[in-house]
Amino acid sequence: MDVTSVDTDVVVVGAGPVGLMLACELRLGGARVTVLERLAAPTTESRASTLHARTMEFFDQRGLLEQLGSPPIQRSGHFGGIPLDFSTLPTRFPGQYKVLQAQVEQILARRATELGADIRREHEVCALEDVPGTTGRDAIGPDAPGAGAVRVHARTPAGQVRVTGRYVVGCDGEDSTVRVLSGIDFPGTAGTHELLRADVAGVDIAERRFERLPDGLAISSRLPNGATRVMVSVFGAPVGPRPGPPEFDEICAVWEKVTGESLRHGTPVWRNAFDDTSRLARRLRAGRVLLAGDAAHVQMPSGGQAINLGLQDAANLGWKLAAVATGTAPRSLLDTYHDERHEVARRVLGNIRAQGLLLLGGPEVDATRTVLRELIGHQEVNDRLAAMIAGVDIRYPVPDDPAPPPESRHRPDGASPYRPDGDGGGDGGGGSRPAGAAVPHAALTVDGAVTSTTALLRRGRGVLLDLAACAGRHDWLSGRTAPFAQRVDLVAATAPPGGPLDGPETLLLRPDGYVAWAGDRYSDPGPAVARWFGAASPAVAGAIPVRTQV
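Residues numbered from 1 in each chain as written. Predicted model: local features only at pLDDT ≥ 70, side-chain atom pairs only at ≥ 80, totals over all residues. Heavy atoms only, no water.

1. Structural notes on unusual backbone geometry
One non-glycine residue, phenylalanine 210, adopts positive backbone phi at about 55°. Structurally, the position occupied by phenylalanine 210 is in strand β16 (residues 208–213). Exposure remark for phenylalanine 210: the relative accessible area of 14% places this residue in the buried category. The backbone of alanine 469 sits at a positive phi, close to 55°, despite the residue not being glycine. Secondary-structure assignment places alanine 469 in the loop between β26 (462–466) and α12 (471–481). The class for alanine 469 is exposed, based on a relative accessible area of 68%. (Helix = DSSP H or I, 4+ residues; strand = E, 2+ residues; numbered from the N terminus. Buried < 20%, exposed > 50% of the residue type's maximum accessible area, 1.4 Å probe, protein only.)

See the structure below:
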């Protein structure tokens, strides 16, 4: 059998939304990337159909919003089927945006290709192999000897392919081959409740918003493509392995049992079943192997959180892995990916497990639902839960910054995390520590031209934002950061008074839109720049020009 060999910096396994987003970010960071996908063509199925606020903010930072068009917006969401008001979220995207997964994949595949990613379909990964080359314990397994690269073996219709890269990332879903081959443990709980799901064309039924009926739960909504998505579960029904998707007849029978309505005159576009299994990889990195998206965590798709969690994994990992793979940052930077995203995933899986009990439990959960509904009637409780689901409350831990307790690292309401009168900031009072929070969209004036924090992030680079309006300070910063000029843009700007950036005079922005460091005009950002962007070094080869218009 013929064997073809390919060399690259990073091998991404899986060309779903997470793998394609990661490929885009890696290319922005100058890394060569090869994406291996088992399927011969993009799927037309859309398990996910919702983008949340933090994902929309990131799409805006990368200039991708126009390609989404004008998706339908729902200003309300739910927690365990109990309505939540999303309209007060502290973001320009206060709602749930109905975008089919297939459209997201199409947009990201086009962008990844434009940026130079090598996407190879009909490549089924079957083995991982260490390639010796360096010293140190940084190979596939936690106790493996040192390796300079990872060789990925894949089967294709034309023969076997070997792709060698410095790192491999499994974005290949809940049954991840990469996770299994790398030996990463995947603890959690098996499902105890199951939902049947189908997209059905040619039916005209009433919309059902998480209706708990005597025999079970029923959900129905019209999708942007005109089909109607139905989901149904019978209270107390047993859960077991399925050899494939449920037959349409079974879905129709269960829907009729729970609602009394018939779907049999419709045409199934897509069918599947899912349960409330909850698993989180013990580690997101094992040497040169990393996991992202459903390969790292499996959860019931409650409120569209799964796809958003995965896309934000890719946003967090991409710039870090590009820097390490191209030799401009130490491998220890990858440890922050696990430290930051494992905690976020743990919290998301926790809220989804709670929602699963509220949605799919029998009459025994009715009293709890009544109490929670009353609590959500209080604006602060509503805002806290909505922010958590939308991802706008995330605050990453910052090295050398006194860490607040975990429950206080999240912005509970709409106040700016930077302003002294805010109630955000993660420290429970004063909002004096912006580091770790997502930078808000804010208007800026740079060299007489109007721009924004969002536009400054379009190139996928770090940004040292100088708001001090002091020429001497800016000259000093220029000299301080000159060795990092290929990775960090120094920008002198003014912001409108009373805006969301009131407070700090210097901000170091990570490429994923989070604040790595903040200080006044007397503070030195040098150590933080070196920590997040590597040691001073010559220009990085392979940098990609990217449009920077607002």
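From this point on, the discussion continues.
2. Re the packing of helix α1 (residues 17–28) against helix α7 (residues 305–325)
Orientation of α1 relative to α7, taken along the N-to-C sense of each, is 25°, at an axis distance of 8 Å. Looking at the two axes, α1 sits roughly parallel to α7. Once α1 is placed against α7, the crossing between them reads as right-handed. Only Ile307, Gly310, Leu311, Ala314, Ala315, Leu317, Gly318, Trp319, Leu321 and Ala322 of α7 make contact with α1, whose side of the interface consists of Pro17, Val18, Met21, Leu22, Glu25 and Leu26. Taken together, the residues that form the contact of α1 with α7 break down as 13 nonpolar, 2 polar and 1 charged. (Axes fitted to C-alpha atoms, helices over the stretch in contact; angles between N-to-C directions. Parallel < 35°, antiparallel > 145°, perpendicular 65-115°, else oblique. Left-handed = near helix turned anticlockwise from the far one by under 90°. Contact = heavy atoms within 4.5 Å. Nonpolar A, V, L, I, M, F, W, Y, C, P; charged D, E, K, R; others polar.)

3. Overview of the pattern of salt bridges
Where charged atoms from two side chains of opposite charge come close, those side chains can pair. Counted by the stated rule, this structure contains 29 salt bridges. Across the pair glutamate 340 and lysine 320 runs a salt bridge whose closest N-O atoms are separated by 2.8 Å. Of this pair, glutamate 340 sits in helix α8 (residues 335–360) while lysine 320 sits in helix α7; the two residues are 20 residues apart in sequence, bridging distant segments of the chain. Between aspartate 489 and arginine 461 there is a salt bridge; the shortest N-O distance is 2.7 Å. (Salt bridge = Lys/Arg side-chain N within 4 Å of Asp/Glu carboxyl O.)

4. A closer look at the environment of glutamine 101
Within the secondary structure, glutamine 101 is located in helix α4 (residues 101–114). Among the residues examined, glutamine 101 registers a relative accessible area of 15% and is labelled buried. In sequence terms glutamine 101 and threonine 43 are 58 residues apart; their C-alpha atoms lie 9.5 Å from each other. With residues near it in sequence (within four places) discarded, glutamine 101 still touches Pro17, Ser46, Arg47, Ala48 and Ile307.

5. Thoughts on the sheet that holds strand β29 (residues 515–519)
Overall, mixed pairing links the 4 strands, which are arranged β27-β26-β28-β29 in an open sheet. What marks the edges here is a single partner per strand, and that holds for β27 (488–492) and β29. With strand direction ignored, the average angle separating the axes of adjacent strands in the sheet is 15°. Sheet topology places β26 next to β27; 5 bridges connect them, and they run parallel. (Pairing = 2+ DSSP bridges.)

6. Concerning helix α2 (residues 53–61)
A large share of α2 lies buried, amounting to 9 of its 9 residues. Within α2 the residues assigned to the buried category are Ala53, Arg54, Thr55, Met56, Glu57, Phe58, Phe59, Asp60 and Gln61.

7. A few points about the nonpolar core
One finds Leu26, Phe79, Val169, Leu321 and Leu508 to be the most contacted residues of the largest nonpolar core, which totals 100 residues. The element that contributes the greatest number of residues to this core is α7, accounting for 11 residues. For phenylalanine 79, the contacting residues outside a window of four places in its chain are Leu84, Asn351, Ala354, Gln355, Leu358, Leu372, Ile376, Leu385, Met388 and Ile389. Phe235, Leu280, Ala345 and Ile394 belong to the second-largest nonpolar core, a separate cluster that totals 21 residues. (Core = buried A, V, L, I, M, F, W, Y, C linked by side-chain atoms within 4.5 Å.)

8. A word on the pairing of strand β2 (residues 10–13)
Looking down a regular strand, the side chains alternate between one sheet face and the other. Here β2 shows a buried face lined by Val10 and Val12 and a second buried face lined by Val11 and Val13. Where β2 and strand β3 (residues 33–37) come together, 4 bridges link them in parallel fashion. Considered in β3, the bridge of valine 12 is made with valine 35. Two strands pair when backbone bridges link them, and β2 and strand β13 (residues 167–170) are joined in this way by 4 bridges, in the parallel orientation. When the bridges of β13 are listed, valine 12 appears paired with valine 169.

9. Points about the environment of threonine 277
Within the secondary structure layout, threonine 277 lies in the loop between β19 (267–275) and β20 (278–280). Threonine 277 sits in the buried class, given a relative accessible area of 17%. Separated by 76 residues in sequence, threonine 277 and arginine 353 place their C-alpha atoms 8.7 Å apart. With residues up to four places along the chain from it excluded, the contact list for threonine 277 reads Thr189, Ala190, Gly191, Val298, Gln299 and Met300. Polar side-chain contacts of threonine 277 include one of 3.1 Å to the backbone nitrogen of glycine 191. At a separation of 2.6 Å, a polar atom in the side chain of threonine 277 contacts the side chain of aspartate 275. (Polar contact = N/O pair within 3.5 Å; in protein donor to acceptor, adjacent residues only side chain to side chain.)

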